[in-house]
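Single-letter residue listing:
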Amino acid sequence: MFKCIAEGFKKRHLKNVVVKDERVLSFYNLDTAKKCVVFWVADDVPVSSVNKVREALAKHMDVCLLAFIRQPKLNTEQIQDAIYLDSSGISYKGGFRDPRVQEILNRKEGLLIDLSLKPDVCGDYIVKSAKASCKIGYGTGHDIDFDGVRDIDDFMERLFKLLTKINTY
């Protein structure tokens, strides 16, 4: 019971934490993007969809996978080389206990693609904390938002259309 109360306090606190946005906004195309972090909330997005995104992007850039798990005991299907994080991996002050997560989020170059379908306080905090120079995802709160996406195939189609149209100088 006390754990649930503490988790509730942590979520309310993280919702209001202001993250320093120390990013230089950059847009990449398929030729210039060298690194990409794909983030998702594992309870909402099937592993098959994440693998589809990863395979499509891996042809053009180095892809790193990072997932947040709301309920670790219920989520048994995992991708072997992905990094998984649950709420215990985020401190009350907003720090990340796993140095691999902190290293991924501190990368300033490249893309962060957020596949999260539903709002989640911890997931949103993780995306806010990332220092990637371009964040792409559904809904709001990203540098590039795709509204009205039906499924992962629609998202990938729009993403690749965008990444092929961006010109760099």
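Below or above, wherever it landed, is the structure these notes cover.

Rules used throughout
- Residues numbered from 1 in each chain as written.
- Predicted model: local features only at pLDDT ≥ 70, side-chain atom pairs only at ≥ 80, totals over all residues.
- Heavy atoms only, no water.
- Helix = DSSP H or I, 4+ residues; strand = E, 2+ residues; numbered from the N terminus.
- Buried < 20%, exposed > 50% of the residue type's maximum accessible area, 1.4 Å probe, protein only.
- Contact = heavy atoms within 4.5 Å.
- Areas by Shrake-Rupley, 256 points an atom, 1.4 Å probe, with all protein chains shown as cover.
- Pairing = 2+ DSSP bridges.
- Axes fitted to C-alpha atoms, helices over the stretch in contact; angles between N-to-C directions.
- Salt bridge = Lys/Arg side-chain N within 4 Å of Asp/Glu carboxyl O.
- Expected span 1.5 Å × (residues − 1).
- Arc of directions from axis to C-beta.

Our focus in this paragraph is the overall build of the protein. Secondary structure summary: the protein contains 5 helices and 6 strands in total. In sequence order, the protein lays out its α and β elements as α-β-α-β-β-α-β-α-β-β-α. Within the protein, the fraction of its 169 residues that count as buried is 48%. Counting only contacts in the protein whose residues sit at least 6 apart along the sequence, the fraction spanning at least 24 positions is 66%. On the protein, roughly 9600 Å² of surface is accessible, and the fraction owed to carbon and sulfur atoms is 53%.

Glancing now at the sheet that holds strand E5 (residues 134-138). One open sheet accounts for 6 strands, arranged E3-E2-E1-E4-E5-E6; its pairing is parallel. One side of each edge strand has no neighbouring strand; the edge strands of this open sheet are strand E3 (83-86) and strand E6 (144-146). If you compare each strand with its neighbour and ignore which way they point, the axes differ by 20° on average. The pairing of E5 with E6 spans 3 bridges and is parallel. From the neighbouring strand, Tyr-138 faces E6, where its bridge partner is Phe-146. Contacts from helix H2 (residues 47-58) reach strand E1 (35-41), strand E2 (62-69) and strand E4 (111-114) within the one sheet, and its direction differs from that of E2 by about 160°.

A full pass over the atoms with the stated rule returns 9 salt bridges. Notably, a salt bridge pairs Asp-44 with Lys-118, separated by 4.0 Å at the nearest N-O pair. In this pair, Asp-44 sits in the loop between E1 and H2 while Lys-118 sits in the loop between E4 and helix H4 (121-129), placing the two residues 74 residues apart along the sequence. We note a salt bridge from Asp-98 to Arg-100, for which the minimum N-O separation is 3.0 Å. Bridged by salt links that share partners, the residues Asp-44, Arg-70, Lys-118 and Asp-120 form one connected network.

Before going further, it helps to examine the pairing of E1. Burial within E1 is extensive, with 6 of its 7 residues counted as buried. With 7 bridges joining them, E1 and E2 adopt parallel strand pairing. Across the sheet, residue Phe-39 finds its bridge partner in E2, namely Leu-66. Where E1 and E4 come together, 4 bridges link them in parallel fashion. Within E4, the position partnered with Val-37 by the bridge is Leu-112.

Turning our attention to H2. For H2, built from 12 residues, the straight-helix expectation of 16 Å at 1.5 Å per residue is met to within 8% by its first-to-last C-alpha distance of 16 Å. Turning to H2, its buried residues are Val-47, Ser-49, Val-50, Val-53, Arg-54 and Leu-57. What you see down the axis of H2 is that its buried residues fit within an arc of 160°, all on one side. With respect to the buried face of H2, the exposed residues turned more than 90 degrees away are Ser-48 and Glu-55. Against E1, E2, E4 and helix H5 (152-165) lie the buried residues of H2.

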